[in-house]
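A closer look at the structure
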Number of protein chains: 2
Amino acid sequence: MRWATVRHPDGSTNAARVEADSYIELAAPDVGELIRQSAVGNDAAETGRTFSSGDVALAPVVVTPGKIICVGRNYMSHIRELGRELPDYPTLFAKFTSTLIGAEDVIELPADATTVDWEAELAFVIGRPTRHASPPEARDAIAGYTVANDVTERTWQFRTAQWLAGKNLEASTPVGPTLVSPDVVDHAEDLEVRCLVDDIEMQSARTSDLLFKPTDIVQYISEFISLDPGDLILSGTPGGVGHAMDPPQYLNEGNVVRTSVEGIGELVNPCRKH
Amino acid sequence: MRWATVRHPDGSTNAARVEADSYIELAAPDVGELIRQSAVGNDAAETGRTFSSGDVALAPVVVTPGKIICVGRNYMSHIRELGRELPDYPTLFAKFTSTLIGAEDVIELPADATTVDWEAELAFVIGRPTRHASPPEARDAIAGYTVANDVTERTWQFRTAQWLAGKNLEASTPVGPTLVSPDVVDHAEDLEVRCLVDDIEMQSARTSDLLFKPTDIVQYISEFISLDPGDLILSGTPGGVGHAMDPPQYLNEGNVVRTSVEGIGELVNPCRKH
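These remarks concern the structure in this document. Small disclaimer: the values here were computed from a predicted structure and weren't measured.

Some points on the relation of the copies chain B and chain A
Its rotation angle being 180°, the transformation that places chain B on chain A also includes 0.0 Å of axial translation and leaves an RMSD of 0.0 Å. Both copies of the chain, as the preceding transformation shows, are related through a two-fold rotation axis. Interface overlap between copies is the fraction of interface residues in one copy that are interface residues in the other; for chain B against chain A it reaches 100%, indicating a shared surface.

Okay, structure coming up:
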């Protein structure tokens, strides 16, 4: 199964089931709410409207997740390349919902930001209330997988010990284009994750290189806080970010960022100074 | 003006206006929603029910803020005492809504957490949509002030470079008892902030010692992301936390934490292992 959140010309949104090139609209405002309703046994009805892929604008797959939790430093090859030890615990930080944009939306570069970087990531959405999860419960807690780019302002990220400012640029973080159920991608155990900027490949890695797998991340978070249907988790980015290049390279007006995860889909986001 | 969020026996909540010892119930589910409605020109009507202070249970003043942003290392005397330079930017991190509890609720100590600490703080709530705020706009963006305790698991906080895990214990962070409008406390420019554990004073400082004032914090955050009505901001804690004592001291089963800000009110929260 695949789902998306379609955005109508008036700005309102609906969840949709995606079949081949058709978006079958559902009576829920987004995929997050579809999951919340489903978690309490209410399956959203079809509205009767269907769109073709050329006719839809996509919103973030989940528009108002209760939590957005991101993982840092999670690809083993990248950690080793940096000369670091493999950590015992995932490095976690948060984003707010107004950072999220749709699969083809503009990435807004703040006028005074000169060090904005890309971070292609496998992301996933929680499907049921989860606390103190066992490994099987953690696996069952995942409603589906999607693609995200954890776009980051490096200067602002490192102004203090905590990364929040650089990780929370308004309208910076594409999520989509669809959410796919775990069976479609075999729980994302070995998928290619890529990022291209203006058609030049910057990042390419496989999710089999993730140190903390999605189920590990769910287990760890659920030790200290409840996870709820619709919560969005970004699993971390591999090597190849612009900040680590020599010389460093950053996003500029007019760049087009392509972010993909094999078997899930591609985000295509132009950058614009504002 | 003073407002609170009252919790009914069935778990539902309502905003209330507080006058002397009376809680005059309003037709909004919490103070956050009251502020959101007011921001679009809809003042919530009274429901006709009034409670006396002995009869009400209090929920977090804002139950589902869109953002909870906390500031670290913000009292100048405390920064100097640690031998650190005064920073140029506020250190920011996030909490999730299920960390929040009411003014007399139990602080839940996880069964395997042995280093849970107190952090008394002045907090405030945003009253209007705010982006790229000037100093006067930042001041006008504050709907009111309240009290919080940013209860923290120190071991979990320092497991990685990012503090999220230790800062996000489920049901750990009291916020209340009331929200007071800025005029009542002169924009919280010089109020005493205190924390007592089992009636022993652990923290005592004045908000005049804050390096980044509430308006500075609003200005800084609004440079990178929009602030919205109901968003909750915790302004940082002064010296006197248990982790910095010799030997360190932490919260245990049965401890009672009293957190107060002069002119606003007091939180009284017992600790319980669970």
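What about the interface of chain B and chain A?
Tallying the contact residues gives 31 residues for chain B and 31 residues for chain A. Carbon and sulfur atoms make up 61% of the area that chain B and chain A hide from each other, which totals about 2800 Å². Of all residues in chain B, F96, Q162 and F224 of chain B bury the most surface against chain A, accounting for 24% of the area lost on that side. At the surface where chain B touches chain A, the tally comes to 10 residue pairs in polar contact (both at pLDDT 80 or more).

Remarks on the packing of aromatic side chains
The relation between two aromatic rings is expressed through the spacing of the ring centres and the mutual angle of the planes. On inspection of all chains with the given rule, the structure shows eight aromatic pairs over all chains. A ring pair is formed by F124 of chain A and Y145 of chain A, whose centres lie 6.0 Å apart and whose planes are at 50°; its orientation type is tilted. On the criterion of sequence distance, the pair formed by F124 of chain A in strand β11 (residues 120-126) and Y145 of chain A in strand β12 (residues 142-149) is long-range, its members being 21 residues apart. Across the pair, exposure class does not vary: F124 of chain A and Y145 of chain A are buried alike. For the pair Y220 of chain B and F224 of chain B, a centre-to-centre distance of 5.8 Å together with 75° between the ring planes defines the contact as edge-to-face. Residue Y220 of chain B and its partner F224 of chain B are both found in helix α6 (residues 214-224); the two are separated by four residues, about one turn of the helix. We classify F224 of chain B as buried; its relative accessible area is 2%. Residue placement shows R159 of chain A over the ring face of Y89 of chain B; its charged tip is 4.0 Å from the ring centre.

Some remarks on the sheet that holds strand β16 (residues 200-206) of chain B
Residues and elements named next belong to chain B. Taken in spatial order, the five strands of this open sheet run β9-β19-β18-β15-β16, and their pairing is mixed. Of all the strands in the sheet, the pair left with one neighbour each is β9 (107-109) and β16. Averaged over all pairs of adjacent strands, the angle between strand axes in this sheet comes to 15°, irrespective of strand direction. For strand β18 (residues 256-261) and strand β19 (residues 265-273), the ladder comprises six bridges, and the chain directions are antiparallel. Residue T259 lies in a different strand from β19, and its bridge partner there is L267.

Concerning the pairing of strand β7 (residues 91-94) of chain A
Residue and element names in this part refer to chain A. Across the two faces of β7 the burial is the same, with T91 and F93 and L92 and A94 all buried. In this structure, strand β6 (residues 68-72) lies alongside β7, joined through four bridges in antiparallel fashion. Pairing of G72 across the sheet is with T91, part of β7.

Some points on helix α1 (residues 31-39) of chain A
Count 3.6 residues to each turn of an α-helix, and residues three or four apart come out pointing the same way. Residue and element names in this part refer to chain A. All buried positions along α1 are accounted for by V31, G32, L34 and I35. With its buried residues spanning 160° around the axis, α1 presents them on a single face. Considering only its buried residues, α1 is in contact with β1 (2-7), β2 (13-19), β3 (22-26), β11, β12 and β14 (173-180). Structurally, the start of α1 carries an N-cap: the backbone nitrogen of G32 is 3.1 Å from a side-chain oxygen of D30. Of the residues trailing α1, G41 is marked for its positive phi of about 90°.

Calculation rules
- Residues numbered from 1 in each chain as written.
- Chains lettered and ligands numbered in written order.
- Predicted model: local features only at pLDDT ≥ 70, side-chain atom pairs only at ≥ 80, totals over all residues.
- Heavy atoms only, no water.
- Least-squares fit on C-alpha atoms with pLDDT ≥ 70 in both.
- Contact = heavy atoms within 4.5 Å.
- Buried area = accessible area lost by both parts, 1.4 Å probe.
- Polar contact = N/O pair within 3.5 Å; in protein donor to acceptor, adjacent residues only side chain to side chain.
- Phe/Tyr/Trp six-rings, centres within 6.5 Å; stacked < 30°, edge-to-face > 60°.
- Helix = DSSP H or I, 4+ residues; strand = E, 2+ residues; numbered from the N terminus.
- Buried < 20%, exposed > 50% of the residue type's maximum accessible area, 1.4 Å probe, protein only.
- Lys NZ or Arg CZ within 6 Å of the ring centre and 35° of its normal.
- Pairing = 2+ DSSP bridges.
- Axes fitted to C-alpha atoms, helices over the stretch in contact; angles between N-to-C directions.
- Arc of directions from axis to C-beta.

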